[in-house]
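What follows is each chain in one-letter form.
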Amino acid sequence: MALNIVLHQPEIPQNTGNIGRTCVAVGARLHLIEPLGFLLNEKALKRAGMDYWHELDVSTYVNYQEFLEKNPEAKIYYATTKGRKLYSDVAYEPDCYLMFGKESGGIPEEILKEHPDTCIRIPMLGDTRSLNLSNAAAIVTYEALRQNKFQNMKLEGELHRLHW
């Protein structure tokens, strides 16, 4: 399984670092569409990604068009508060792409309008505008992994000092 997480113009390095750490933990690839709100060598990015950042499979693109050109067969699900389908109501392919927009504005509506059938949303109460980007990415990523039976992942834990 080679799940892909795509961040469209992320602005906050700590969120991208957290998402990068999640990618390493689940074997996903990270795709970053510029412009970024930070430098890839920024301390906050590396701190949030902890010591896993060097293990991350990450690609950057100058814009959305370049991303599409370099990933022509990508099955993309667009996470947005404007989506008509719940994230839990779609069937994720093992190698799909989960796209998330920038913290201040999400994925541009011009992109969403072109793909209404693959726009997904995370339900929230009342007037809540959105969830934190790294939390939203984790929620959708783990649903895709769950649907694919957590393929190739460690499913049992062990105590460090004590025994069951």
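In this text, all values refer to a predicted model and were calculated from it rather than measured experimentally. (Residues numbered from 1 in each chain as written. Predicted model: local features only at pLDDT ≥ 70, side-chain atom pairs only at ≥ 80, totals over all residues. Heavy atoms only, no water.)

Asks: Could you clarify how one ought to interpret the overall build of the protein chain in this entry?
Replies: Tallying secondary structure elements over the protein chain gives 5 helices and 7 strands in all. Going from N to C terminus, the protein chain has its helices and strands arranged as β-α-β-α-β-α-β-β-β-α-β-α. Its C-alpha atoms give the protein chain a radius of gyration of 16 Å, within 12% of the compact-globule value 15 Å for 164 residues. Its C-alpha atoms give the protein chain principal-axis dimensions of roughly 55 × 35 × 35 Å. By residue count, 41% of the 164 residues in the protein chain fall in the buried class. The long-range fraction of contacts in the protein chain, counting pairs at least 24 apart against all pairs at least 6 apart in sequence, stands at 76%. Here the protein chain has roughly 9800 Å² of accessible surface; of this, 49% comes from carbon and sulfur atoms. (Helix = DSSP H or I, 4+ residues; strand = E, 2+ residues; numbered from the N terminus. Rg over C-alpha atoms; globule rule 2.2 N^0.38 Å. Buried < 20%, exposed > 50% of the residue type's maximum accessible area, 1.4 Å probe, protein only. Contact = heavy atoms within 4.5 Å. Areas by Shrake-Rupley, 256 points an atom, 1.4 Å probe, with all protein chains shown as cover.)

Asks: Can you help me understand the side chain of N15 in this one?
Replies: Its location among the elements puts N15 in helix 1 (residues 13-26). Among the polar contacts listed, one links the side chain of N15 to the side chain of N132, at a separation of 3.1 Å. Not counting residues within four places of it along the chain, the set of residues in contact with N15 comprises E103, N132, L133 and S134. (Polar contact = N/O pair within 3.5 Å; in protein donor to acceptor, adjacent residues only side chain to side chain.)

Asks: How should the sheet that holds strand 2 (residues 29-33) be read in this particular structure?
Replies: Sheets are built from strands that pair by backbone hydrogen bonding, the pairs being arranged parallel or antiparallel. The 7 strands lie next to each other as 3-2-1-6-4-7-5, forming an open sheet whose pairing is parallel. The open sheet is flanked by strand 3 (58-61) and strand 5 (85-86), the only strands paired with a single partner. As judged from the 2 bridges shared by strand 5 and strand 7 (residues 119-121), these two strands associate in the parallel manner. By the bridge assignment, K85 is partnered in strand 7 with I120. Sheet contacts for helix 5 (residues 133-147): strand 1 (4-8), strand 6 (97-100) and strand 7; angle to strand 6, the most-contacted strand, approximately 160 degrees. (Pairing = 2+ DSSP bridges. Axes fitted to C-alpha atoms, helices over the stretch in contact; angles between N-to-C directions.)

Asks: What is the right way to look at the environment of G37 in this model?
Replies: Tracing the chain through its elements places G37 in the loop between strand 2 and helix 2 (43-49). When the C-alpha atoms of G37 and K102 are compared, they prove to be 9.1 Å apart, with 65 residues separating the residues in sequence. Apart from the residues lying within four places of it in its own chain, the contact partners of G37 are P10 and E11.

Asks: Hey, could you run me through a nonpolar patch on the surface in this one?
Replies: A surface patch of nonpolar side chains, amounting to about 440 Å² of accessible area, comprises L159, L162 and W164. Tracing the sequence through the fold places W164 in the segment after helix 5. (Patch = residues over 30% accessible without salt bridge, like charges linked within 9 Å, V, L, I, M, F, W, Y side chains within 5 Å. Salt bridge = Lys/Arg side-chain N within 4 Å of Asp/Glu carboxyl O.)

Asks: What is the right way to read the pairing of strand 4 (residues 76-79) from this model?
Replies: Residues in a regular strand project their side chains so that they alternate between the two faces of the sheet. Of the two faces of strand 4, the one holding I76 and Y78 and the one holding Y77 and A79 are both buried throughout. Where strand 4 lies against strand 6, 3 bridges are found, and the strand directions are parallel. Across the sheet, I76 pairs through a bridge with Y97, a residue of strand 6. Pairing of strand 4 with strand 7 involves 2 bridges; the strand directions are parallel. Considered in strand 7, the bridge of Y78 is made with C119.

Asks: I keep staring at the environment of I19 and nothing clicks. Help me out?
Replies: Here I19 is to be found in helix 1. Classification of I19 as buried rests on a relative accessible area of 2%. Considering only alpha carbons, one finds I19 and S134, 115 residues apart in sequence, at a separation of 5.5 Å. Discounting residues that sit within four places of it in the chain, I19 has contacts with I5, L7, L30, L133, S134 and A137.

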